[in-house]
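Chain residues, written in single-letter form:
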Amino acid sequence: MRIGVLGAVELWGPDGSPVSVGGQRPRALLAALALSVGRPVPTEQLVDAVYGEEPPGNAQHALQSQVSRIRALLPTGSLAKHPVGYVLTIDPDEVDAHRFERLAAEGRQLLALGDHGGARKALTEALELWRGPAPTVRLDDLRLAAIEDRVETDLALGRPDVAELRQLTKENPYRERLRGQLMRALAADGRQAEALASFDDARRTLADEFGADPSAELADAHLAVLRGANPMRPVPAQLTSFVGRDNEIRHVKDALQTSRLVTIIGPGGAGKTRLAVESARRVSEVCFVELAVVGDGERVPQAVIGALGLRDAGLFAGGEAPDPVARLVSGLTDRRILLLLDNCEHVVDGVARLARHLLGACAGLRILATSREALGVTGESLCPLPPLPAPDTIRLFEERAKAVRPGYHLDADTVGRICAAVDGLPLGIELAAARLRSFELDEVESRLRQLSHGDRTAEPRHQTLRAVVAWSWDLLAEDERAMAARLSVFAGGARLSAAEEVCGLPADVLAGLVDKSLVEVSAGRYRMLETVRAFCAEQLGDDTERVRRRHAEYFLRLAEDAEPRLRTGEQLAWMARLTAEHANLMSALRWAVDSDRASALRLAANTTWYLYLRGLRSEGMPLVVELMSVLGKEVPAGLGEEYAICAISANMHLDRIEDVMREPGRKLRFPYLVMLWAAIGTAEVITMELFDDDPWSLAFIQTAEGLRTLSFGDLAASRAAFGQALTSFREVGDRWGIANVLDQLAGIETLEGNPAAALTLLDEAIDVIGQLGDAEDAAELRCRRADNLLRVGDVAGARAIYAQVAERGTPPTLAAAHRGLGEIARLAGDLAAARELHERALTEYEPGPVIAAEIRPRILCGLGLIAAAQGDAELARERFEQAREEALTRYNLPAAAFAEQGLSDGELTWEQALHRLRERFVSNW
């Protein structure tokens, strides 16, 4: 028998058929008893539930009558009299409300453990029990919490329902978790502007209704949207179950509570990575950094930048790429995060240097590393990884054996001897179990016993594993050995088509390696565990150079195919494809610099725009510098543009660029080369003569014209040029160009006194930038959005944005955020705070990004206004003159006009000040 109270009160018999309960009063009585199943319900409480505020004269007698009616419908003895009232004694799971609570709690527990599929199943079953309104406020709150948990599983599984979330937030406008989930769902669907608008709506609602700011959880969701489509790398999904290691997980967990640097040490194949991944699942914010593909210790910081989804410069940045360690410090300051640095042993010195620096500079950072040796950093806590206990080794072997040979009888004693023969190393056990596809259990044992060569107690465990890998190698067919050896040249795995082409063997050979557990496949990529990869690489021998060349040729061709498409509507798809092959591209470049300089030039040039859009300009910089050092001033025939791109990137041999760019009749194959040329200050007026007649080049020329006329303060001509550029960029679908031009058009609207129009343009620019995964430029745009919110009177909205950027900003945005907060303080009359914030912004300013062309003069103008308000006319004039000089030096007449307006003590309008400066200076430019 089942009782339903989640909606209309219902009763169903043992066969599932409905049982008539009667009218409103018996239903109310049944609900009151069912909600407290197993607990006595006082008579007075039942009278209130059944009769409300108007009970009959003999209420207890009337209640007994109702109880008798209900008792007749229930199993014998299940409704009993109690000294205080009555108690219903049935299985709580037979009442939908109690079953709901159990399933909801189970789903929440599975969600915390990372079992999103299991959690969703339990939560869906729980919510399906609801048929109508909640009988109590408490149950209604639990239902909403369960819905939020179920939405969380949908987000984790990549299938959120945006329409449902919109309706839920409309019905529950004060549920901040739902608001945050809607933002994340919109962002995942590429709708960053809508996500940011949702945050602003939530912030206003909370401020208007409660006078409160958004919670930390909602603020974090907002920050995640700003980080855009280039999120940090989570711990990888595991393809098999995790066996044993409960004590080790507790050890790692406890160590992370007391030490900020924990290193799991052990030989190859011991399961260090798997233990680290399982331990990290218990941490709320964790970033996984794979170091096996990093060639040397100097590249460790850039690998961490890539894993965190940070950028070493914004899309609008110029000048030299910043120091990657400084970039990490700025990106991790004030964040509570765990970095999981995997496979550190071959770059242990570089990891140790970086860990020491970051832990000293970033108080909220913890590091969990895996290595065959300690990092040797003060404060490091070591977690040595012992062999799996015998019972766990047997269980692991049995699980893996069942996967390859279901139903096969396993003799426990023989399995135990096999596990002992491989020293209890998990990788050795998995390789041995995989051999049951071809061998009987006793044959596996016999062959492993032959590997010991006598006294196994004297043999180090890493030699044992090498022997097991060698044994697996020896059992391969010739074509499988060739495939395994050649596959080792891939860094970060390979797609099937790449593996077939580079290795020169068909897919079924690769499938055989998967069957034998030497290769694993996940999300369409084939890769080896690092221990196996290192062994197979040694087997290449004389074939190494040939296979490495084929690998480089394949990825050079991929880069050349992708390069022009990165400026089209296919931009995001090709960015994703190159990102997936990032490690292979850098590995191919490393080989080419050493072995084929012409290919190195081509590969470096054809990945420059990709790295620029990804914000990873410094990634290949050491290799490009090395290449240009070897080439000197010799420009290879037919590779002039490639040489120029690399020369500018490395800031070397710049005098040779003039010859390349002025070559008669040249038409650029890399149209952005003119932008790089202009960045180093040697480009003259940019004309269409250098470009092919394609829409992107036309849009670039129009953008350059817009910037030129804007620098003179000719807003009408600038608006026209930018408008044409926007049309052209939209035609080709280049989000980089669209965002740049929208930003400039918003700036013109601001100068003309139309902040509302500027906000609309900035919202679209933020959305577009988010699609490219550029949190830094999004933060700059958000600051400009805050500037315009301030102009329309939304001080709270502006303050919230400035504060968020200031809390977790990067060098290009900190100055803008603190200047904005200073401006709010100035307008509020707090001149001391305003001056402090403006002076802080001045120290945080860094040259380079386009925003710097206006931010430093704006800071100085703000200091001028503050000095004037404090009665210090001399200091005010000094600041305004300094601001005007800064702006004129940067050919920014509009910014200079604000300073000129200040120097006139407000007698001139901005337009009048602009006109005066144009007459005095433009003729000299």
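Scroll up to find the structure.
Numbering of residues starts from 1 in every chain and runs along the sequence as written. Thresholds applied to this predicted model are a pLDDT of at least 70 for local features of residues and 80 or more for the giving and counting of side-chain atom pairs; totals over whole chains, interfaces and linings are not thresholded and use all residues. Excluded from the side-chain calculations are hydrogens and water; all other atoms, namely the structure's heavy atoms, are used.

Engineer: Explain the sheet that holds strand 11 (residues 494-495) to me, and be specific about the residues and the numbers.
Structural biologist: The antiparallel open sheet is built from three strands, whose spatial order is 11-13-12. Either end of the sheet is taken by a strand with one partner, and the two such strands are strand 11 and strand 12 (520-522). A pair of strands is treated as paired once DSSP finds two or more bridges between them. Each helix corresponds to a stretch of at least 4 residues labelled H or I by DSSP, and each strand to a stretch of at least 2 residues labelled E; elements are numbered beginning at the N terminus. Sheet topology places strand 11 next to strand 13 (residues 525-527); two bridges connect them, and they run antiparallel. Bridge pairing in strand 13 places Arg-495 opposite Arg-525.

Engineer: Describe the environment of Leu-33, with residues and values.
Structural biologist: One can find Leu-33 in helix 1 (residues 24-35). Any residue under 20% of the maximum accessible area for its type is buried, any over 50% is exposed, and the rest in between are partly exposed; the area is computed with a 1.4 Å probe on protein chains only. Residue class for Leu-33 comes out buried when judged on its relative accessible area of 2%. Sequence separation between Leu-33 and Ala-868 is 835 residues, and the spatial gap between their C-alpha atoms is 75 Å. Here, residues are in contact when the closest pair of their heavy atoms is within 4.5 Å. Excluding anything up to four places from it in sequence, Leu-33 contacts Val-41, Leu-46, Leu-79, Tyr-86 and Leu-88.

Engineer: Provide a residue-level description of the sheet that holds strand 3 (residues 41-42), including the pertinent values.
Structural biologist: Spatial strand order, 3-5-4: three strands in an open sheet with antiparallel pairing. Only two strands of the sheet have a single neighbouring strand rather than two, namely strand 3 and strand 4 (79-82). The angle between two axes is taken between their N-to-C directions and runs from 0 to 180 degrees, where each axis is a line fitted to C-alpha atoms and a helix contributes only its stretch in contact. Relative to the sheet, helix 1 contacts strand 3, strand 4 and strand 5 (85-88), its axis offset from that of strand 5 by approximately 70°.

Engineer: Can you lay out helix 12 (residues 272-280) for me, pointing to particular residues and giving the numbers?
Structural biologist: Summarising burial for helix 12: eight of the nine residues are buried, a large majority. Restricting attention to buried positions, one finds in helix 12 the residues Lys-272, Arg-274, Leu-275, Ala-276, Val-277, Glu-278, Ser-279 and Ala-280. Elements that come into contact with the buried residues of helix 12 comprise helix 11 (246-258), strand 6 (261-265), strand 7 (286-290), strand 8 (337-342) and strand 9 (365-371).

Engineer: Can you break down the packing of helix 4 (residues 96-112) against helix 6 (residues 137-157) residue by residue, with the values?
Structural biologist: Their axes nearest at 10 Å, the elements helix 4 and helix 6 cross at an angle of 35°. Once helix 4 is placed against helix 6, the crossing between them reads as left-handed. Every residue of helix 6 that contacts helix 4 at Ala-97, Phe-100, Glu-101, Ala-104, Arg-108 and Leu-111 is listed here: Arg-138, Leu-139, Leu-142, Arg-143, Ala-145, Ala-146, Asp-149, Glu-152 and Thr-153. By residue class, the composition of the contact of helix 4 with helix 6 is eight nonpolar, one polar and six charged. Put simply, a crossing is left-handed when the front helix is turned counterclockwise from the back one by less than a right angle, and right-handed when it is turned clockwise. Under the grouping applied here, Gly and all other residues not named as nonpolar or charged are polar, the nonpolar ones being Ala, Val, Leu, Ile, Met, Phe, Trp, Tyr, Cys and Pro and the charged ones Asp, Glu, Lys and Arg.

Engineer: I'd like a rundown of the pairing of strand 6, residues and numbers included.
Structural biologist: A large share of strand 6 lies buried, amounting to five of its five residues. Examined bridge by bridge, strand 6 and strand 10 (residues 381-384) share four bridges and lie parallel to one another. Counted as the bridge partner of Ile-264 is Cys-383 from strand 10.

Engineer: Can you explain the pairing of strand 7? Please cite residues and give values.
Structural biologist: Among the five residues in strand 7, five count as buried, and that is most of the element. Note that strand 7 and strand 8 share five bridges and pair parallel. Bridge assignment links Phe-288 to a residue of strand 8, and that residue is Leu-340.

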